[in-house]
Amino acid sequence: DIPHDIDDNEFAEAEANEPWVQNVLIHLHTVLEGFKTRMSAESFDHLVSYLTNTVANTLERAVLKSRFTRLGGLQFDRELRALVNFLTSVTSSTVRDRFAKLHQINTVLNLEHVRLLK
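A brief structural summary. (Residues numbered from 1 in each chain as written. Predicted model: local features only at pLDDT ≥ 70, side-chain atom pairs only at ≥ 80, totals over all residues. Heavy atoms only, no water.)

## Quick notes on the nonpolar core
Inside soluble globular proteins, nonpolar side chains tend to come together where they are buried. Filter applied, for reference: Side-chain atoms within 4.5 Å are what join buried Ala, Val, Leu, Ile, Met, Phe, Trp, Tyr and Cys residues into a set we call a nonpolar core. Whether a residue is buried, partly exposed or exposed follows from its accessible area with a 1.4 Å probe, protein chains only, as a fraction of its type maximum: under 20%, in between, or over 50%, in that order. Each helix is a run of H or I in the DSSP string that is no shorter than four residues. Each strand is a run of E no shorter than two, and both are numbered from the N terminus. In what follows, a contact means two residues having at least one pair of non-hydrogen atoms within 4.5 Å.
Counting 22 residues, the largest nonpolar core has Leu83 and Phe99 as its most contacted members. The greatest single-element share of this core, amounting to 7 residues, is contributed by helix α3 (residues 41–64). Those residues in contact with Phe99, other than ones at most four positions away along the chain, are Thr52, Ala56, Leu80, Leu83, Val84 and Leu87.

## With respect to α3
Heads up, the rule is: Helix span, expected: 1.5 Å multiplied by one less than the number of residues in the helix.
Here α3 is 24 residues long and its end C-alpha atoms lie 34 Å apart, about the 34 Å a rise of 1.5 Å per residue gives. The complete set of buried residues in α3 reads Phe44, Asp45, Val48, Ser49, Leu51, Thr52, Val55, Ala56, Leu59, Glu60 and Val63.

## Examining the pattern of salt bridges
To keep things clear, this is the line we draw: Note on definitions: salt bridges are taken to be side-chain nitrogens of Lys or Arg within 4 Å of carboxyl oxygens of Asp or Glu.
Enumeration according to the criterion identifies 2 salt bridges in this entry. Glu60 serves as the salt-bridge partner of Lys101, at 4.0 Å between the closest nitrogen and oxygen. You can see Lys101 sitting in helix α5 (residues 100–109) and its partner Glu60 sitting in helix α3, a full 41 residues away along the chain. Asp77 is the salt-bridge partner of Arg81, the closest N and O atoms lying 3.1 Å from each other. Placement of the pair is Arg81 and Asp77 together in helix α4 (residues 70–89), with a separation of 4 residues, close to one helical turn.

Structure below.
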């Protein structure tokens, strides 16, 4: 529900507060902390892997339904980096590969110019 079709003022507000990603990170941290102490390291990594797949797939669907301005693309870049960095920090498993499609979408959103190759 966080718009990425934003102007300069909305970008500055999002930069200061990062409402969407901060809420997600807080909730993920809260959920995972409850399991971390009660599970083996291997089981916890499996849980984080499942959670990572779910988050990446849900975010892909949301992004494909959204409109982005140039500033919205920059905001999405920050949000995606924060999410991937958090998930990387809580597990010994690789999570970056699960966000490959989102990173590609992010790259396209942040291009200055699009030029088709023949």
